[in-house]
Every structure is written in C-alpha cells, then in structure tokens.
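In case you want the letters, here they are:
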Amino acid sequence: MNVLLDRLRDVPAALASPSPRTAAITAAAVSAVATAAALSAIEAWRKHLKRSQLRRALSASPPSAAASNSAALLHLQLPEHALDSLDAAATEEWDLLADSNNGASQHAPSPPPPPPQRANSSTIDPALVREQLARHYVFLGEAGMARVRAARVVVVGVGGVGSHAAHMLARAGVGRVRVIDFDMVTLSSLNRHAVATYADVGLPKVDAMARALGAAAPGCVVEPVRRMFERGLEAKLLLFSGDDDSEEKPDFVLDCIDHLPTKAALLTFCHARGIAVVSSMGSGAKADPTKVRVADISETTEDPLARAVRALLRREHGIETGVTVVYSTERATPGLGLIAPGGDQEPEAGTSTDMAEFAPLPTFRASILPVLGPLPALFGNALAAYVLTTLAQWPSPSAPLATSRSREPAKMARELAKDAVTVLTTTSPIMRVSSRDAAMVVDDLFGHRSAVSGRVEQKLALAVWRVRAARRAGGVIEPWNVVPMTKDEVARHYAAELAAVAAESAEDDTWLAEVYPDSRVRERVERGLAVAKRWALEMRDPAAC
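Each chain has its residues counted from 1, running along the sequence as written. With pLDDT at 70 or above as the cut-off, local features in this predicted model cover only qualifying residues; side-chain atom pairs require 80 or more to be listed or tallied, and sums for whole chains, interfaces and linings still use all residues. The side-chain figures draw on all heavy atoms in the structure; neither hydrogens nor water molecules are used.

Undergrad: Is there a simple way to explain the overall build of the protein chain in this structure?
TA: Going along the chain from the N terminus, every DSSP run of H or I of four or more residues is numbered as a helix, and every run of E of two or more is numbered as a strand. When helices and strands are tallied, the protein chain shows 18 helices and 13 strands. The proportion of buried residues among the 545 residues of the protein chain is 43%. When the accessible surface of the protein chain is split by element, carbon and sulfur atoms take 55% of a total near 28,300 Å². We call a residue buried when its accessible area falls under 20% of the maximum for its residue type, exposed when it is over 50%, and partly exposed in between, using a 1.4 Å probe and counting protein chains only. Computed with the Shrake-Rupley method and a 1.4 Å probe, the accessible areas treat only the protein chains shown as cover for residues.

As structure tokens, then:
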C-alpha cells in the first residue's frame, strides 16, 4: 500500500513534466489502482455469494415454530436474546439471519426462549455441512466420514459426562443423535455440563441439549427423549424403527448412567444384542487428566464404580469381558468424602436424616461425590473420540495400559537372568535386557497383558520365547526374544521346551507351534517382538535406525 501511495504522489509531477518517465509512472499507478479495485470487488462478491447462500438455507427452513405444528423443526434460527449478546462488530451476518427469519431487529425486546429444536439435515445445504466438517474429512477420510454421517448414536444420560459426549458427536458430524435423560438442569450441574446455561435451570436436560446442538450442528438430527432408562425399556429406548417398522440396532450406545442396576441392565442388553457400547465409569473425586483410560472393563483399576459394575455383570449376567469403558486409574483424592444433602451442617432438631428421602427417585443415590468440572468433560470427550474413530474405522492403536499392577522392571530383568541359567544350561547367560527394555516390552508392547492369554494379569514375569535360538547364540538374551507371561505360564513354557529337547524335536524352536496351537498367540508375540527389536536398536543407536 505504501508503494501505491508513493506512486500516486508521483503522478501530478509526472503529468506536469515532459519527462520520458511520465508514461511509465502513469501506467504503473493506474495498474496498481485497478488491481486494488479488482481485489476489493472480488471480496465484495464473495460476501454477496455467502449471504445469498445463507438466505437460501433459511428459505428452505420452516418459517417459525408458531407457523408449524408442534413437531416442526427450526433450523439456523437464533433467538433474538442470543443476538443481543453477540459482539457488535461480528453481527452483520447474524442481523441478516434475524431479518430473514422474523423481520425483527436485534434490539427488539427479547422473547422467551424458543421451544426445543431438532435439526434436520435435509433442510441444510450440504455444502455448508461439508465446510463445517472439513477438518474431519481431512482427518478421517471420505469413507470414514461417510460412516460417521450415516451413524445413529444413542447417548443415555446427558449430565456432566454425557452432555460433553453428545455435544462433540453432533459437532463431529454424526448423522443422528438420540439423547435420553429424565432429569432437569440444576444450578449445581452448571460447573460441568457442556451446554446448559442459567436460562436452562429447571428445564429438562434433553431439551437444553436439543436446543444447543440444533444451533451448533444443524447437520445433525437430535432426538431428545425425556424418559428414565429402566430395565425392561431397553428395546424401546435404544432401538430405531426401520422403514418396514422393524427394529434396527443403533451404530453405537454411550452409557453415561451412574445408577448401578440400570447401568448393568443397559450393558447386558447391548452385550446380548451385539450392539456396540462404551460405558463411562466414575469421574467423581478425581483430578488428574493424565490418568483417564479407555480399556475393557476386566482391566480397570482404582475405580469403585467399575469394580461394582464388573462384579454385578459377572455375578448376575455372566459377563466378564467385552465391555469397553472410560475410567481413571487415579485413586480418589484423599479427604474427599460423600456430599450429603445440606452439606456439612448438622441437621436441625426434628429433621429427618434418612438419606433415601433426598433421593430423586426410589433406589437412586442421595449422596454424591464432589466433582471437578474438567474431569467429566475429559471422560465425555474420550467417549466421543472412541466412538468417532471406531465408526470411521480409524487405525488408531490403543495406548498402552498403565496400571498400578506392574512389577519393578529391574526385578523382572533379574528374575529373567536367574531363570536363564537353568533354561539355557549356561552358568553365565549374556543379559542384554535392561530394566528399560523390560519396561518397554511389558508396558509399551504388551500393555501389561500376558503374551499367551492376552489378558491383563496381576503379576507378570519375563520369559525367553525362542529358547533354542538363545541357547545356540551362546546364552545371549535380547529384548526381542522375551515376552511377558504369568509365573505359571513361564513354568509351562520352559517345561514344554525341555520336553521337546528330550524328544529331539526342538530344532529351530518348531516346538512353539505344538505348545501354542492357536496361531493368534504366535502372531501376537511375533508382531510384538518385531517392534521390540526395532525400538531396542533405536534406543541403543538412534542413528542406525
């Protein structure tokens, strides 16, 4: 711009002088002015096209709730009291939306909040939805996002955890989200709810969710169901109706219930019907964001709710595994106890101390754990991320399971060396497995799981996998030839190898196929050991890898 002004200042002098530079200076100035004018015109035209596009989207929407029946769906309509809170410098297009919708000025008196809205993607320009989801299309790819857009997801319980999960699923492009909850928005829930405001206090949570999600993600159909989830209503609340009135399974169910019997009923129904489900465990009295994990319920630790659910599923329904959960390995913060109605105050004389009287419904808890607001949000977003990547079939390897059950890696390495003296028939095995290597194999590669069973175990030990190969190498034990097993599995492994030696059938460790006939076990181990070799060599000499 400074160059342009300098050139314009030179024009009068150039025109008054017969200098040969006159034509060149005049041409340059005129060209610069023309270029700036063209760019300005292009920008104005782009704004015009955007406004026209928004007008078309609005014209395709129902005019208003009053002009339609009670089931009318409102799209891209903002209540005027919401416009009042917008920054004045950013309201130009919102003014256009308000004028197109109801012809009212943003400074008109604020009407009551509109009824709950459900977005209908059929009335939204697909180009607008595509632009809103552009980053996810790049991340998950066309095929992945096509599965996400076609998905039908049910979120049961939209409190601190469920509201964040449903919120991000809708924003991320899930085609249809059904939210189920019987409860109302309270002041005490605003510290952790994803979308509820002071204006929503006293209103059903599902209505607050539908209104907020309809405004934030108009390309998602949001179906609010104000109903308590109960045993016996699973099919009615979770299944969808097909074109021929048949029952169709949802693509995913998110369990965000904190009532134990109801939670178990939901998980049992989904497990029996083969419905993909992920469940939230307890986020109360937790504060460490680095301890949030996604794992099978059989692998959970330090979570009282997970322990209770696991026991109930096993005892009454025979389910021990196959239920994915989000939980925290953090131990509950010391000193944080249950909050009873009335806080720490002593009950007045004649006042009932029966906690059941304060419960919202019979069999529901009355005492609650204190909650740090960000933790339910982390749980909810972890649920949403798991559902999205699973729906899109995104190749995201699960993080290694970090639990409090691990043994000291140095101790595991020492015990490995002690066993090697007997197994490799040498008095001085060459140990090249450090405590760091042991931790890498147990934690990072096998996630505290036994290489044989694939289950998380209480205590693990390291065993030489290809015993004959290590013996032929002079007793050298490398990190890429050791695997975690239970003590009993280690004993059986070595006993089987000795038996193979006695039978003279241990050439090239072919005995492994006889001892572990399940090819999945051998493949799991060989995959892990291949990665162990690459990582171990890289730790020794990064330049060589």
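Now that the structure is up, let's keep going.
Undergrad: Mind showing me how you'd approach a nonpolar patch on the surface here?
TA: Exposure above 30% relative accessible area and no salt bridge define the residues that can form patches, which grow by joining like charges within 9 Å and nonpolar side chains of Val, Leu, Ile, Met, Phe, Trp and Tyr within 5 Å. For salt bridges, the criterion is a side-chain nitrogen of Lys or Arg within 4 Å of an Asp or Glu carboxyl oxygen. A surface patch of nonpolar side chains, amounting to about 340 Å² of accessible area, comprises Leu187, Tyr198 and Val201. Structurally, the position occupied by Tyr198 is in the loop between strand 2 (176-180) and helix 8 (205-216).

Undergrad: Is there a simple way to explain the sheet that holds strand 6 (residues 252-255) in this structure?
TA: Hydrogen bonds between backbone groups are what pair the strands of a sheet, and the pairing can be parallel or antiparallel. Paired strands, in this sense, are two strands between which DSSP finds at least two bridges. Across the sheet, which stays open at both edges, the 7 strands sit in the order 3-2-1-6-7-9-8 with mixed pairing between neighbours. Both edges of this open sheet fall to strand 3 (221-225) and strand 8 (292-296), since each of them pairs with a single strand only. In this sheet, adjacent strand axes meet at a mean angle of 20° when their direction is disregarded. Of the strand pairs in this sheet, strand 1 (residues 152-156) and strand 6 are connected by 4 bridges, and their pairing is parallel. Across the sheet, Val156 pairs through a bridge with Asp255, a residue of strand 6. We call two residues contacting when some pair of their heavy atoms lies within 4.5 Å. Only the stretch in contact is used when a helix axis is fitted, and all axes are lines through C-alpha atoms; the angle between N-to-C directions ranges over 0 to 180 degrees. Contacting strand 1, strand 6 and strand 7 (277-280), helix 10 (residues 260-273) crosses the sheet at an angle of about 160° to strand 7.

Undergrad: Can you walk me through the nonpolar core in this structure?
TA: Side chains of a nonpolar character, in soluble globular proteins, are inclined to be buried together. Definition of nonpolar core: a set of buried residues of the types Ala, Val, Leu, Ile, Met, Phe, Trp, Tyr and Cys, connected through side-chain atoms within 4.5 Å. Counting residues in hydrophobic clusters, the biggest one holds 44 residues, and the most contacted among them are Val153, Val155, Leu169, Val179 and Leu254. Listed by contribution, the elements that provide at least two residues to this core are helix 5 (126-132), helix 6 (134-150), strand 1, helix 7 (160-171), strand 2, helix 8, strand 6 and helix 12 (374-391). Sorting elements by how many residues they give to this core places helix 12 first, with 8 residues. Excluding residues within four positions of it along the chain, Leu254 makes contact with Val153, Val154, Val155, Val156, Ala165, Leu169, Val278, Leu383 and Val387. Grouped together as the second largest cluster of nonpolar side chains are 38 residues, Ala420, Val433, Leu460 and Trp480 included.

Undergrad: Whenever I open this one, the packing of helix 7 against helix 8 confuses me. Can you help?
TA: For any two helices packed against each other, one specifies the inter-axial angle together with the distance between the axes. Running from amino to carboxyl end, helix 7 crosses helix 8 at an angle of 25°, the nearest separation of the two axes being 9 Å. Looking at the two axes, helix 7 sits roughly parallel to helix 8. Our pair here, helix 7 against helix 8, has a crossing hand that is right-handed. Together, Ser163, Ala166, His167, Ala170 and Arg171 of helix 7 and Met209, Leu213 and Ala216 of helix 8 make up the contact between the two elements. To sort the angles, those under 35 degrees are grouped as roughly parallel, those over 145 as roughly antiparallel, those from 65 to 115 as roughly perpendicular, and the leftovers as oblique. The hand of a helix crossing depends on one turn: near helix anticlockwise from the far one by less than a right angle means left-handed, and clockwise means right-handed.

Undergrad: Just to check I follow, could you spell out the packing of aromatic side chains for this structure?
TA: Whether two aromatic rings pair depends on their centres lying within 6.5 Å, for rings of Phe, Tyr and Trp, where Trp uses its six-membered ring; planes under 30 degrees apart make the pair stacked, over 60 edge-to-face, and the rest tilted. A full pass over the atoms with the stated rule returns 3 aromatic pairs. Taking the centre distance of 4.7 Å and the plane angle of 35° together, the rings of Phe139 and Trp394 count as tilted. Of the two residues, Phe139 sits in helix 6 while Trp394 sits in the loop between helix 12 and helix 13 (409-423), which places them 255 residues apart along the sequence. For the ring pair Phe252 and Tyr386, a centre distance of 6.1 Å and an interplane angle of 85° mean the geometry is edge-to-face.

Undergrad: Would you mind going over the environment of Arg455 with me for this structure?
TA: Inspection of the secondary structure assignment puts Arg455 in the loop between helix 14 (435-445) and strand 11 (461-464). Taking the relative accessible area as the measure of exposure, Arg455 reaches 53% and is therefore exposed. As a C-alpha pair, Arg455 and Ser298 span 157 residues in sequence and 8.6 Å in three-dimensional space.

Undergrad: I would appreciate a short explanation of helix 16 (residues 487-502) in the present structure.
TA: Because each turn of an α-helix spans 3.6 residues, side chains separated by three or four positions in sequence point in the same direction. Any helix carries an expected span of 1.5 Å times its number of residues minus one. Its 16 residues give helix 16 an end-to-end C-alpha distance of 23 Å, which sits within 8% of 22 Å, the value for a rise of 1.5 Å per residue. Every buried residue belonging to helix 16 is among Glu489, Val490, His493, Tyr494, Ala496, Glu497 and Ala500, and all of these are buried. Seen from one end, helix 16 has its buried residues packed into an arc of 155°, which puts them on one side. In helix 16, those exposed residues whose orientation departs by more than 90 degrees from the buried face are Asp488, Arg492 and Ala502. Contacts from the buried residues of helix 16 go to helix 13, strand 11, helix 15 (467-472), strand 13 (482-485) and helix 17 (511-515). Arc definition: it is the arc formed by the directions from the helix axis to the C-beta atoms.

Undergrad: Help me understand the pairing of strand 2 in this model?
TA: For a regular strand, side-chain orientation follows a simple rule: the groups alternate between the two sheet faces. With respect to burial, strand 2 is a largely interior element, 4 of its 5 residues being buried. Taken together, the 5 bridges between strand 1 and strand 2 define a ladder with parallel strand orientation. When the bridges of strand 2 are listed, Val155 appears paired with Val179. Following the backbone out of strand 1, through helix 7 and into the adjacent parallel strand 2, one traces a crossover that is right-handed. Sheet analysis places strand 2 next to strand 3, joined by 5 bridges and oriented parallel. Paired with Arg178 across the strands is Glu223, a residue of strand 3. By convention, a crossover is right-handed whenever its connection, traced from the first strand over the helix to the second and viewed with the strands pointing away, goes clockwise. Taken together, strand 2, helix 8 and strand 3 form a β-α-β motif whose crossover is right-handed.

Undergrad: What exactly am I supposed to notice about helix 6 here?
TA: An ideal rise of 1.5 Å per residue puts 24 Å on 17 residues; helix 6 reaches only 16 Å between its terminal C-alpha atoms. Every buried residue belonging to helix 6 is among Tyr137, Leu140, Gly144, Met145 and Val148, and all of these are buried. Where helix 6 is buried, its residues contact helix 5 and helix 12.

Undergrad: When you look at the environment of Val225 in this model, what are you seeing that I'm missing?
TA: Within the secondary structure, Val225 sits in strand 3. You can call Val225 buried: its relative accessible area is 17%. Separated by 19 residues in sequence, Val225 and Val206 place their C-alpha atoms 6.6 Å apart. Apart from residues no more than four positions distant in its own chain, Val225 is found in contact with Arg178, Val179, Ile180, Asp181, Val206 and Leu237.

Undergrad: Sorry if this is basic, but what is going on with the packing of helix 10 against helix 11 (residues 304-317) here?
TA: Interaxial distance between helix 10 and helix 11 falls to 10 Å at its minimum, and their mutual angle equals 60°. By the angle between their axes, helix 10 is oblique relative to helix 11. When you trace helix 10 past helix 11, the crossing you get is right-handed. Seen from helix 10, the contacting residues are Leu260, Pro261, Lys263, Ala264, Leu267 and Thr268; seen from helix 11, they are Leu305, Ala308, Val309, Leu312, Leu313 and His317. A per-class count over the contact of helix 10 with helix 11 returns 9 nonpolar, 2 polar and 1 charged. Classification convention: Asp, Glu, Lys, Arg as charged; Ala, Val, Leu, Ile, Met, Phe, Trp, Tyr, Cys, Pro as nonpolar; all other residues, Gly among them, as polar.

Undergrad: What is the right way to look at unusual backbone geometry in this model?
TA: A negative phi angle characterises most non-glycine residues, just as the trans form characterises most peptide bonds. At Ala285, a position not held by glycine, the phi torsion is positive, near 60°. Relative to the assigned elements, Ala285 resides in the loop between strand 7 and strand 8. By relative accessible area, which is 3% here, Ala285 ends up buried. In this structure, Gln393 takes a positive phi of about 55° despite not being glycine. Its location among the elements puts Gln393 in the loop between helix 12 and helix 13.

Nothing here speaks to function; it is all geometry.
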